[in-house]
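# Coordinate inspection notes
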Amino acid sequence: MEPAWRQGGRGRGRGRGKSGGGPPQAVGIVREPEAGAAGDNRHGRGSSSGSGWRRSSSSGDWSRSQSEPSNELSSLKKFEEIRKANQAAAQRFANEDTSSEEEGEEDFEGQQGKIVATTFTAYSSHIGEDSSRELERTKQYLNDAFQSGAQTCLICIASVKRNQAIWSCFRCYCIFHISCIQKWAKDSIFLVSSVLDDDFGRKDHPWPCPKCRHPYEQSQTPTRYYCYCGKVEDPPSDPWLVPHSCGQVCDKEFKPLCGHKCLLLCHPGPCPPCPKMVAITCYCKKAKPVSRRCSAKGWSCQQPCNQLLTCGQHKCENPCHTGNCPECPRVSRQWCLCGKETAERLCARPQWQCEKVCGRTLSCGNHTCEQVCHHGTCGNCPRSGYRACPCGKSKSALPCTEDIPTCGDTCDKPLACGLHRCSMRCHRGPCETCRQEVEKQCRCGKHSKVLPCHKEYLCETKCIKLRDCQRHQCKRKCCSGNCPPCDQNCGRTLGCRNHKCPSACHRGACYPCPETIEMKCNCDATVLVVPCGRERSTKPPRCKELCRQPPTCHHVNREKHRCHFGSCPPCKQPCQKKLAKCAHLCPATCHDEVLVKQANSRQPAGPWEQRSEPTFIRTAVPCPPCLTPIPMACLGKHEVSLLPCHAVGPYSCSRPCGRLLACLNHKCAKECHVVTVIDDDKEKAGKECQICEEGCSKPRPSGCIHPCTLPCHDGLCPPCSQMIRMKCHCKITNLYVECTKMTTADAETKIVLNSCKNQCPKQLSCGHRCKAICHPGDCPQSCNQKVKMKCPCKRIKKEILCSVVTEEKVLVECDEVCQEMKQKASEMKEAEEKAALEKERLKQQVELEAFEKRLKGRRKKNKRRDTTETKETAWQKYRKYLMIPGCGIVLAMIAFYLLQLN
C-alpha cells in the first residue's frame, strides 16, 4: 500500500491514467510546469499547450488536435483537477496531525458545550444567565472531566477513563480509581496498626484521603462503583453525559443546609450555591421581607442597629449587621478592683487590676494582705489556727507571730528516687539527694553496676533493631527496646520520577507527589495544570488564540489559524502574482512552499546496498499557465471561442469549410482551414478549398430513387430508364415497371400498373373469398353468395344471401308443427322423471320392509302361521305406471320419423 502522498489523483484523471488507450497522466506528486513550457509551440497540429486530446477514428490512436477548443479546455481543467488533488494529498500527509487535531477540537467543543448546557438546564431556569464564583468552580470540574489529562489518579499517576470504576473524595472531590483507593486504604490501615499490639486487626483505624488527608473510617472504604450522586451503581458509559454520571438530578442537600436540594444533573465537584428565591427580612428585623437567593439571603437595611450593648449604658450605632453586636467602643475613667487607681478604660471592660499588692491589714492585726489588687475582703490570716511541723508529724496552735518549732523526730519523707526515705531529723526546706548505693541495670537490660541511687546508668551498647520504617537501625545507646520513630528523610523517588519523598522515613508506598506542572501552548496563552509525572503523556492544551508566527511566503499576512506547535500549515491564499507573459494575476493557491519529491540520483553500489527513501522538501514552484479565457476566432471564421491565455493562437473548429465550390452545386467539405478571400465574397471557395469530384446530386423527380449516372453537371438530368420491382396490391406477384412510367403516371394509371389481374385472395369478414380482381385498399363487404339457414328445431331449411344475413340478421322461425313436437317431447320427459321417482320410492319401501322383518324375526318364530300371504310381483304392481310413458315415447318416435320424410 503506497502512502497518500504517492498515490495518483482521484476522479477522472486517475481512472483515465490507468486505461491503456488514454493519454499519459501524472502519478504521485505533480510538479508545476516550467514558466516557459507553455505556449512555445502554438502553430500547426503539434501544439501541446493549446489543444486537447482526440482519438482518430481511422487508426484508433490518441493524438493532439487543434480542432476542438472545448476539448482543450476540458483537458486543461482535468489536468488542473489532478494537480490540485495531488497537492491536497501531499498537504494532508504533511499536516495530518494538525488537521485531525482541529477537527477533533471542533467536535469535542461542540459535544462538550451540549453536555454542559444539558447539565445546567434545571439550574439555569432558576438563576438565569448569571453566574457566581461557586458556579464557575463547578463548571471547571465539568470541563476537567472532558479535558484530556485533567482527570488523573494521584495514586497510580494514570488517566481516569470514562469506562473505569472511580471513587470521589467527599471533601476535596478528587477522583481515584476504585481499585487504587481500596489498596491505599488497606495499606494505610496496616501501617497505622502494629503487629505487636494486642488489638491488631480489631481496632478501627482511620485512613486518609491521598490529597486532602481527610480521615475516613474503615466502614467507609469503597467497595462498589457509584455515580457522583450515589443513586446508580455501575453507571453505564454514555457519550452524551458527563463521564461517570447517571444523568439524573443530583438531589444532594446544599451546604450550608437550607432545606433545598441541588438541581444539577449528576455532576463531579461541589454543588453550586442554592438558586431558590426566598422572602426574608434584614439582620435587624426592621425592614419588610424581600425576595433573595437562598444562597445569599442575608442582607442589611443599612439602618442603625440601636440594640443595647453589654455595658448596659449605650446602644449599637453600627448599621444593620449579622451576629451579636460588637463591644462598646466608648472610653471612660474606671477604678481598679482595689480602688487605689483610676484609668481610662473601654466601657465594655470596666474591671481591671492595677498590679499592686493589696497591703491591707488582715484580721489578726499583725500581717498585711499579700494578694495583688483584688475585689472584696482579704480573708483570714494564713498563719492562724493549728499548724504542723515541717515533717507533719505534730500539730500545735500558736500565735501568728511565732513559727512552729521542729519536732526532733526523723523526717521520713519519700525522696525523689521513690525507693528510699529521708533519714535527717525534722527540718525546714527540701530533703537532700539520695546517696545510697544500689546495683542498677542499664536501660537496655544487658549490663548492671553499683551506683548512687540518684544517678542513672546508661551503657554504651548501640541498638541494632530496625525502626518503624523497617529500613534504618535504631543505633541509640542503651535503648530500652521502644525505639523512637525514624528521624531521617525518606528520599525515595516518587511515582512522578521527578521528585523525592520529603516525608520522614516510613513504611509502604509514599504519598503521591503534591507538585503540579503547568503545560503551556506554543504562545503561552493557554495553561493546563496536570499532576507532576503526567507531563510526558499529556498532550499540550488546545489554544484558542491566533497563531502569531510571521508569514514565510510573499503575502503580507498569514491566514488566521489557531496556535499550534511545529510549522504552520501551507498558505491557501491566492498567489496574485503578475504572470510574465500576459500580465494577468495568478489565481492559483500560494505555491511558495510546495512539498516536492526530491529524488536521490545516486545509484547504489550493489544489490547489498538499499536504496534511500525519497525526501520531500518545501520549495517555491513557478506559477501555472494562465487560464484566463480570451476570445479567439477559428481559421475559417466560423465561430469565436474562449481559449486559455497561454494557448491563444489560430485553431481549427473541426467544422466543414462550407464554402460554395466552382460547380455551384456542392460546398467545400474540408475541415476548417485558412481561405483566401476572392472578390470580397466570403461565401465563395478559395484556392485552398477542394475541387468538386462528386457525382450529380440534383434532386430527382418525385418517386424516383435512382441517382443520376452523369457526373456533377449543369441543366436537367435525363429521364430514368431503370426497371422497378414492386409487389401487386395483393402482395403475391412481383411486377417490373419502368421508373419513368411510374413517376409520370397519374393515380388511376398507378393503380392499373400495380394490379396483377388475378382474383383477390383476401377473405371477407363473413368468411367467403373476395370475388373482385386484384385491387388496392379494403375489399367490398357486400357478399352475394347464398347460405342455408334452419329453424331452431332443425326441421325447416331455407337459402338466403350472405349479405342479407349479416346486415339484417334474418332468422328461420318454427311453425305450429314444431311447437306441437316440442310440447310432446316435454311431456315425455316429465313422465320419465315421475317414473324414476316412483321407482326410487318403491325401492326404499322394499328395503324398509326387509329391515323391519329382520327386527321381528325372533318374536314371530314360535307363532303359528294359519294363513299364507301371497305377494305381488313388481310388474303386476307398477305396470300401470310404466305403460303410459312407454306409449308416449313410441308415439313421439313415430312423429319424428314422419317429419323427416316430409
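Note that this is a predicted model, so its numbers are computed, not measured.

## Overview of the side chain of Arg558
Along the chain, Arg558 falls in the loop between β18 (527-531) and β19 (594-598). With no salt bridge to any partner, buried Arg558 finds its closest opposite charge in Glu593, at an N-O distance of 5.6 Å. A distance of 3.5 Å separates the side chain of Arg558 from the side chain of Thr552, its partner in a polar contact. When near neighbours in sequence (up to four residues on either side) are disregarded, Arg558 contacts Gln549, Pro550, Pro551, Thr552, Cys568, Pro569 and Gln573.

## What to know about the pairing of strand β16 (residues 448-452)
Examined bridge by bridge, strand β15 (residues 437-441) and β16 share five bridges and lie antiparallel to one another. Its bridge partner being in β16, Glu437 is matched across the sheet by Pro452. Connecting β15 to the next strand, β16, in antiparallel fashion are six residues, including Gly445 with a positive phi near 80 degrees.

## Here's the deal with the pattern of salt bridges
Where side chains of opposite charge bring their charged atoms close, a pairing between them can arise. In this structure the tally under the stated criterion is 14 salt bridges. Across the pair Lys231 and Asp251 runs a salt bridge whose closest N-O atoms are separated by 3.1 Å. Of this pair, Lys231 sits in the loop between β8 (215-216) and β9 (277-280) while Asp251 sits in the loop between β8 and β9; the two residues are 20 residues apart in sequence, bridging distant segments of the chain. For Asp251, a relative accessible area of 37% translates into the label partly exposed. Here Lys356 and Glu341 are joined by a salt bridge, their closest N and O atoms 2.5 Å apart. Remark: Glu341 occurs in the loop between β11 (331-335) and β12 (342-346) and Lys356 occurs in the loop between β12 and β13 (386-388); sequence separation between them is 15 residues. On the basis of relative accessibility, which here comes to 27%, the residue Glu341 falls in the partly exposed class. Salt bridges sharing common partners tie together Arg224, Glu233 and Asp234.

## Some thoughts on the side chain of His374
Secondary-structure assignment places His374 in the loop between β12 and β13. Residue His374 is classed as buried on the basis of its relative accessible area of 9%. Beyond its immediate sequence surroundings of up to four residues, His374 is in contact with Leu337, Cys338, Cys358, Arg360 and Cys369.

## Section: a nonpolar patch on the surface
Taken together, the side chains of Val890, Leu891, Ile894, Tyr897, Leu898 and Leu901 define a hydrophobic patch exposed on the protein surface, amounting to about 640 Å² of accessible area. Mapped onto the elements, Leu898 comes out in helix α11 (residues 874-901).

## A look at the packing of aromatic side chains
Evaluation of the coordinates by the stated rule reveals seven aromatic pairs. Between the aromatic rings of Trp167 and Tyr216, the centroid separation amounts to 5.5 Å while the plane-to-plane angle is 75 degrees, which identifies the pairing as edge-to-face. Residue Trp167 is found in strand β5 (residues 166-168), and its partner Tyr216 is found in strand β8; the two are separated by 49 residues along the sequence. The pair formed by Trp167 and Tyr216 is uniform in burial state, with each residue classed as buried. On the numbers, 5.1 Å between centres and 40 degrees between planes, the contact of Trp184 with Tyr511 is tilted. Of this pair, Trp184 sits in helix α6 (residues 178-192) while Tyr511 sits in the loop between β16 and β17 (516-520), and the two are 327 residues apart along the sequence. Look at Trp184 and you get buried, because its relative accessible area is 9%. Site record: aromatic cluster; members linked through ring pairs are Trp167, Phe170, Phe176, Trp207 and Tyr216.

What counts and what doesn't
- Residues numbered from 1 in each chain as written.
- Predicted model: local features only at pLDDT ≥ 70, side-chain atom pairs only at ≥ 80, totals over all residues.
- Heavy atoms only, no water.
- Helix = DSSP H or I, 4+ residues; strand = E, 2+ residues; numbered from the N terminus.
- Buried < 20%, exposed > 50% of the residue type's maximum accessible area, 1.4 Å probe, protein only.
- Lys, Arg positive; Asp, Glu negative; His and termini not counted.
- Salt bridge = Lys/Arg side-chain N within 4 Å of Asp/Glu carboxyl O.
- Polar contact = N/O pair within 3.5 Å; in protein donor to acceptor, adjacent residues only side chain to side chain.
- Contact = heavy atoms within 4.5 Å.
- Pairing = 2+ DSSP bridges.
- Patch = residues over 30% accessible without salt bridge, like charges linked within 9 Å, V, L, I, M, F, W, Y side chains within 5 Å.
- Areas by Shrake-Rupley, 256 points an atom, 1.4 Å probe, with all protein chains shown as cover.
- Phe/Tyr/Trp six-rings, centres within 6.5 Å; stacked < 30°, edge-to-face > 60°.

All we've got here are geometric facts, nothing functional implied.
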